[in-house]
Amino acid sequence: MASAVETAIRHAVTKGVTALGEFNRRRLPAPAAPHPFLTGLHAPMTRELTIGDLPVSGTIPAALDGRYLRIGPNPIHADPASYHWFVGEGMVHGLRIEGGRARWYRNRWVRCAEVTAALDEPRTPGPRHGGFDNVNTNIIGHAGRTLALVEAGSFPLEIGETLESVRYSDFGGTLRGSFTAHPHLDPLTGELHAIAYDAHDQETVRHIVVTPDGQVRREEPVRVKHGPMIHDCALTARFVLILDLPVTFSMRALVGGAPLPYRWNPGHRARLGLLPREGRGGDVIWCDVDPAYVFHVANAYDLPDGRVILDVVAHDRMFAESTQGPDSRRSAFERWTIDPARRVVERRIVDDHPQEFPRPDERRFGQPYRYAYTMALTGNGDPSFDPAHHLIKHDLEAGTRHIHDFGPDRVPGEFVFVPARRDAAEDEGWLMGLVIDRRRETTDLAILDARNFEGEPVASVRLPHRVPPGFHGNWVPAG
């Protein structure tokens, strides 16, 4: 670990370099073509809305009582010359479902410093970490609170029942450093596990464990090099999996004015780390893997012979050329088999169709499972990372896949699995997510029967406007 003096020097240098980067950002030329993440499907919403008693087609299952919440970037003022999709100010969208009705829809900007200044509102209370408070990537329920999340710096932001920004949270003073966009709940213990990195520290990531009552009980440092961008992690009964892959912090990009200073780095060793769940940072078993980048994990689990299964969507590269958003040429759903004894990783393609946002039945997270659900991408180097018009259901036991096609001009986002009841079987429940109608400029909250995946939605809730494609959505039950 760096000493206090080394840390102070690093922060001082970073502050000066950041100021130079901001100066250069203001001098960047306007793009020759319309910005793909500020126009068309991705054009930001300009108003906050409250709409009651939404029209429903079909029948909303009576067991659904809670809020579907989705978050993503929605810049309040964006400069097309420097805008990157991942840095836009966050906006939360929510639908309240109760008694077979869609009670309301709301959308609210996350009240970070940029938004409160633009709206001339008071500063959102709560502690900050590293001066960074824009939260735009994920939103979850834990310990009776709703938390909006981002990686690389900011503390979580507590979101109220009607989507107002309540306060920034360091889990009651128990979180010392940055948090992550992708904590995962261990359904057997009720704890959240995370691998967090900090843009100001290129030498350390941390394994964080948050208890069921919302206190950080573990924040174990792990040494790394080059400042890897670790978006997600995985969990098994024995290990927490660290994806140390070749997208790393770039000082050249920061100085040049890039708001997201991470780039594809062929010189960075691609590896997976198996950290014993209660082990020290020096106990990590590092295993080399062929270079790739992973935003999202589907699941992981231990095999009886000591090997580990990890299912991911793998990209051939990321942030190699584009300064506006993702730029992989290929993505595929893959199974990685990790042998800790030999320290090797074998990669096998399960489905080579371009896709993203894999989700399992999360009651099976960290355990053997059968089904994963993904969102298809158009692929072919699409500069706007646009979804295709279908979802994919992978049956990993049978080795088959099923398609739910929403039809031309209709594009889904990430869908989340909601079990029919607490003791429901895997795949016994509903899939829920937003679907944009490009032609009509409307959006539906679609609810699918997971066991009748290819059939018509059991219910659709119509929104009279387009909700821009965001990042992650989750179901937060009432109470």
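Refer to the preceding data block for the structure.
Sequence order as written defines the numbering, with residues in each chain counted from 1. The predicted origin of the model limits local features to residues at a pLDDT of at least 70 and limits the giving and counting of side-chain atom pairs to 80 or more, whereas totals for whole chains, interfaces and linings rest on all residues. Processing note: side-chain calculations cover all non-hydrogen atoms of the structure and skip hydrogens and water entirely.

Engineer: I'd like a rundown of the overall build of the protein, residues and numbers included.
Structural biologist: Scanning the protein from N- to C-terminus turns up three helices and 33 strands. For a compact globule of 479 residues, the expected C-alpha radius of gyration is about 23 Å, and the protein comes in at 21 Å, within 12% of that figure. In terms of overall dimensions, the protein has C-alpha extents of about 60 × 60 × 45 Å along its principal axes. Only protein chains enter the accessibility calculation, which uses a 1.4 Å probe; a residue whose area is less than 20% of its type maximum is buried, one above 50% is exposed, and one in between is partly exposed. Per-residue burial over the protein gives 60% buried out of 479 residues. At a minimum sequence separation of 6, the contacts of the protein that also span at least 24 residues come to 60%. Accessible areas in this description were obtained via Shrake-Rupley with a 1.4 Å probe; residue shielding takes into account the shown protein chains only. As displayed, the protein has an accessible area near 19,200 Å², and 51% of this comes from carbon and sulfur atoms. A run of H or I in DSSP becomes a helix once it reaches four residues, and a run of E becomes a strand once it reaches two; helices and strands are each numbered from the N terminus. With the radius of gyration taken over C-alpha atoms, the globule rule is written as 2.2 Å times the number of residues to the power 0.38. The contact definition used throughout considers only heavy atoms, calling two residues in contact when any of these lie within 4.5 Å.

Engineer: How would you explain unusual backbone geometry if you had to name every residue and give the values?
Structural biologist: Even without a glycine there, the phi angle at Asp53 is positive, about 45°. In this structure, Asp53 sits in the loop between strand E1 (50-52) and strand E2 (56-58). Even without being a glycine, Phe357 presents a positive backbone phi close to 50°. With respect to the helices and strands, the residue Phe357 is situated in strand E24 (residues 355-360). Overall, the relative accessible area of 7% leaves Phe357 in the buried class.

Engineer: Which residues make up the sheet that holds strand E7 (residues 145-149), and what values go with them?
Structural biologist: An order of E6-E7-E8-E9 is seen for the four strands of this open sheet, with the pairing classed as antiparallel. A single partner strand is all that each edge strand has here, and the edge strands are strand E6 (138-142) and strand E9 (165-168). Going across the sheet, the axis of each strand differs from the next one's by a mean of 30°, ignoring polarity. When DSSP finds two or more bridges between a pair of strands, those strands are recorded as paired. Relative to E7, E6 is paired through five bridges, and the arrangement is antiparallel. Its bridge partner lying in E7, His142 is registered against Arg145. Fitting a line to C-alpha atoms yields each axis, with helices limited to the stretch in contact; the angle taken between N-to-C directions then spans 0 to 180 degrees.

Engineer: So what's going on with the sheet that holds strand E33 (residues 472-477)? Which residues, and what values?
Structural biologist: An order of E1-E5-E4-E3-E33 is seen for the five strands of this open sheet, with the pairing classed as antiparallel. In this open sheet, the two edge strands, each paired with only one partner strand, are E1 and E33. Looking at each pair of strands side by side, their axes are set apart by 15° on average, direction ignored. Of the strand pairs in this sheet, strand E4 (residues 90-98) and strand E5 (residues 101-109) are connected by eight bridges, and their pairing is antiparallel. Within E5, the residue paired with Arg96 across the bridge is Trp104.

Engineer: If you had to explain the nonpolar core to someone new, which residues and values would you point to?
Structural biologist: Membership of the largest hydrophobic core comes to 70 residues, with the highest contact counts inside it found for Leu241, Leu310, Trp336 and Ile338. The residues touching Trp336, leaving out its near neighbours within four places in the chain, are Leu272, Val289, Ala292, Val294, Val308, Ile309, Leu310, Val312, Ala314, Val345, Glu346 and Arg347. Within this scheme, the nonpolar core is defined by two criteria: the residues are buried Ala, Val, Leu, Ile, Met, Phe, Trp, Tyr or Cys, and they are joined through side-chain atoms within 4.5 Å. The next biggest cluster of nonpolar side chains, apart from the first, holds 41 residues, and it includes Met45, Tyr105, Trp109 and Val135.

Engineer: Can you tell me about the pattern of salt bridges, naming the residues and giving the values?
Structural biologist: For this document, the term salt bridge refers to a Lys or Arg side-chain nitrogen within 4 Å of an Asp or Glu carboxyl oxygen. On inspection of all chains with the given rule, the structure shows 40 salt bridges. In this structure, the salt-bridge partner of Arg329 is Asp316, at a minimum N-O distance of 2.8 Å. Here Arg329 is found in the loop between strand E21 (308-315) and strand E22 (331-339), whereas its partner Asp316 is found in the loop between E21 and E22, with 13 residues between them in sequence. Between Glu428 and Arg421 there is a salt bridge, with its nearest N and O atoms 2.7 Å apart. One salt-bridge network, in which partners are shared between bridges, spans Arg410, Asp437, Arg440, Asp444 and Arg462.

Engineer: So what's going on with the side chain of Glu158? Residues and values would help.
Structural biologist: If you trace the backbone, Glu158 turns up in strand E8 (residues 157-159). By relative accessible area, Glu158 is classed as buried at 18%. If we skip the residues at most four places from it in the chain, Glu158 touches Arg145, Thr146, Leu147, Glu164, Ser165, Val166 and Arg167.

Engineer: Could you give an account of the environment of Leu157, with specific residues and numbers?
Structural biologist: In this fold, Leu157 is placed in strand E8. Once the C-alpha coordinates of Leu157 and Arg128 are considered, the two residues, 29 residues apart in sequence, prove to be 9.8 Å apart. Setting aside anything within four residues of it in sequence, one finds Leu157 in contact with Val110, Thr124, Val135, Thr146, Leu147, Ala148, Ser165, Arg167 and Tyr168.

Engineer: Break down the pairing of strand E11 (residues 192-198) for me, with residues and values.
Structural biologist: Most of E11 is tucked away: seven of the seven residues are buried. Alternating positions in E11 separate into two faces, Leu192, Ala194, Ala196 and Asp198 on one and His193, Ile195 and Tyr197 on the other, with burial throughout. By the bridge criterion, two bridges tie strand E10 (residues 184-185) to E11 in an arrangement that is antiparallel. In the strand pairing of E11, Leu185 is matched with Leu192. Counted along the chain from E10 to the antiparallel partner E11, the turn is six residues long, and its residue Gly190 has a positive phi close to 80°. Two strands pair when backbone bridges link them, and E11 and strand E12 (residues 201-210) are joined in this way by seven bridges, in the antiparallel orientation. Within the sheet, the bridge partner assigned to Ala194 lies in E12 and is Ile208. Where E11 folds back onto E12 in an antiparallel hairpin, the turn is made up of two residues.

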